[in-house]
Amino acid sequence: MLLVMDVGNTNITLGVFDGESLEATFRMTTKIPRTSDEYGIIVRDLLQHNQICADDISAVVISSVVPNVMHSLTSAIIKYFHLTPLIVAPGIRTGIRIATENPRQVGADRIVDAVGAYELYGGPVIVIDYGTATTYDLVDASGAFVAGVTAPGIRTSAKAMWEEAAKLPEIEICKPKSILAQETISSMQAGLVYGQIGQSEYIIRHMKKESGFEQLKVVATGGLGKLIASETKYIDIYDPNLTLQGMRLIFEKQK
């Protein structure tokens, strides 16, 4: 079995594949400092809770945008699984050519998403990841990563409001009954959700226009991606496991 680990700024998302079948997914918080022993024990316990024997894990892939957790996390895999993980980084075979000004500046998460979207759904494609940041990446028909847009994520925008504005409360992020809000909480929800929808539609339109790829697919992923994708015709596919699938595909390409 293959264990994939997507280390994001907010959460570490883990998935276990048996061949092409995704058998289980689970998460842990990124921002809590942990030792290699803590990582190792937590991951083994999560596997056991999902009825997966840790000894059945034969390979591990890690994609990370948080460098300061990598030493402990990598050491945990070596110590508790007796495996050397494959790290998604410049130099490994991905099947995607990075055609930007500085390829090394493209984050591992964006590469993994691009691989997943291109291999599973074809190109040209825009892949949107609704995470701590909302990223919009364009992959052409040949599999070249040609451009990307980075915007604040919906949770990041929400946190900025309630931390910087003294009278604005912390709220649940969901679509309100109406955009014509009449009190504070629903007015914040309307601004966040409809603002993100409007941002997405505007950016998608202009990426299509400037690239000349009017017929391209748009694939979304990320925790709040489902909320946005369900409210706009501009997103064709929502795939919650796109990043995990991308790591599996990259692992297969190393063989």
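Residues numbered from 1 in each chain as written. Predicted model: local features only at pLDDT ≥ 70, side-chain atom pairs only at ≥ 80, totals over all residues. Heavy atoms only, no water.

Undergrad: For the overall build of the protein chain, give the residues involved together with the corresponding values.
TA: Each helix and strand counted, the protein chain has 7 helices and 11 strands in total. Computed over its C-alpha atoms, the radius of gyration of the protein chain comes to 19 Å, within 12% of the 18 Å expected for a compact globule of 255 residues. Along the three orthogonal principal directions, the C-alpha set of the protein chain runs to about 55 × 45 × 30 Å. The proportion of buried residues among the 255 residues of the protein chain is 47%. Restricting to contacts in the protein chain with at least 6 residues of sequence separation, those with at least 24 account for 56%. Of the roughly 12800 Å² of accessible surface on the protein chain, a fraction of 50% belongs to carbon and sulfur atoms. The protein chain carries 23 positive and 28 negative side-chain charges, and their two centres are separated by 3 Å. (Helix = DSSP H or I, 4+ residues; strand = E, 2+ residues; numbered from the N terminus. Rg over C-alpha atoms; globule rule 2.2 N^0.38 Å. Buried < 20%, exposed > 50% of the residue type's maximum accessible area, 1.4 Å probe, protein only. Contact = heavy atoms within 4.5 Å. Areas by Shrake-Rupley, 256 points an atom, 1.4 Å probe, with all protein chains shown as cover. Lys, Arg positive; Asp, Glu negative; His and termini not counted. Charge placed at Lys NZ, Arg CZ, Asp CG, Glu CD.)

Undergrad: How would you sum up the pairing of strand E2 (residues 11-18)? Please name residues and give values.
TA: With 6 of 8 residues buried, E2 lies mostly within the body of the structure. Counted between consecutive antiparallel strands, the loop separating strand E1 (residues 2-7) from E2 contains 3 residues. As defined by bridge partners, E2 adjoins strand E3 (residues 21-29) across 8 bridges and the pair is classed as antiparallel. By the bridge assignment, Leu14 is partnered in E3 with Phe26. Linking E2 to E3, which pair antiparallel, is a turn of 2 residues; within it Gly19 sits at a positive phi near 65°. (Pairing = 2+ DSSP bridges.)

Undergrad: Tell me about the pattern of salt bridges, residues and numbers included.
TA: Proximity of charged atoms lets side chains of opposite charge pair with each other. Taken as a whole and judged by the stated rule, the model has 7 salt bridges. With a closest N to O distance of 3.9 Å, Arg44 and Asp55 form a salt bridge. Linking Arg44 in helix H1 (residues 36-49) with Asp55 in the loop between H1 and strand E4 (59-64), this pair joins segments that are 11 residues apart in sequence. On the basis of relative accessible area, Arg44 is assigned to the partly exposed category, the value being 29%. Asp55 sits in the exposed class, given a relative accessible area of 63%. (Salt bridge = Lys/Arg side-chain N within 4 Å of Asp/Glu carboxyl O.)

Undergrad: Can you explain unusual backbone geometry? Please cite residues and give values.
TA: Residue Pro124 follows Gly123 across a cis peptide bond; omega there is 5°. You can see Pro124 is positioned in the loop between helix H3 (108-121) and strand E7 (125-130). With phi around 60°, Gln51 is a residue other than glycine that occupies positive phi space. Structurally, Gln51 can be placed in the loop between H1 and E4. In the Ramachandran plot, His82 falls in the positive-phi region, its phi being about 55° despite a non-glycine side chain. His82 gets classed as exposed once you look at its relative accessible area, which sits at 68%.

Undergrad: Could you give an account of the side chain of Gln189, with specific residues and numbers?
TA: Tracing the chain through its elements places Gln189 in helix H5 (residues 184-211). By relative accessible area, which is 9% here, Gln189 ends up buried. At 2.9 Å, the side chain of Gln189 forms a polar contact with the backbone oxygen of Glu172. Filtering out sequence-adjacent residues up to four positions away, Gln189 remains in contact with Ile171, Glu172, Cys174, Pro176 and Tyr194. (Polar contact = N/O pair within 3.5 Å; in protein donor to acceptor, adjacent residues only side chain to side chain.)

Undergrad: Give me the packing of aromatic side chains: which residues, what numbers.
TA: Within the structure shown, the criterion is met by 0 aromatic pairs. Between Arg248 and the ring centre of Phe17, over which it is positioned, the NZ or CZ distance is 5.7 Å. (Phe/Tyr/Trp six-rings, centres within 6.5 Å; stacked < 30°, edge-to-face > 60°. Lys NZ or Arg CZ within 6 Å of the ring centre and 35° of its normal.)

Undergrad: Tell me about helix H4 (residues 154-164), and please be specific about residues and values.
TA: Listed in full, the buried residues belonging to H4 are Ile154, Ala158 and Trp162. One face of H4 carries all of its buried residues, which in axial projection span an arc of 55°. Residues of H4 that are exposed and angled more than 90 degrees away from the buried face: Glu163 and Glu164. Tucked into the core, H4 has its buried residues touching strand E8 (133-139), strand E9 (144-152), H5 and helix H6 (225-229). (Arc of directions from axis to C-beta.)

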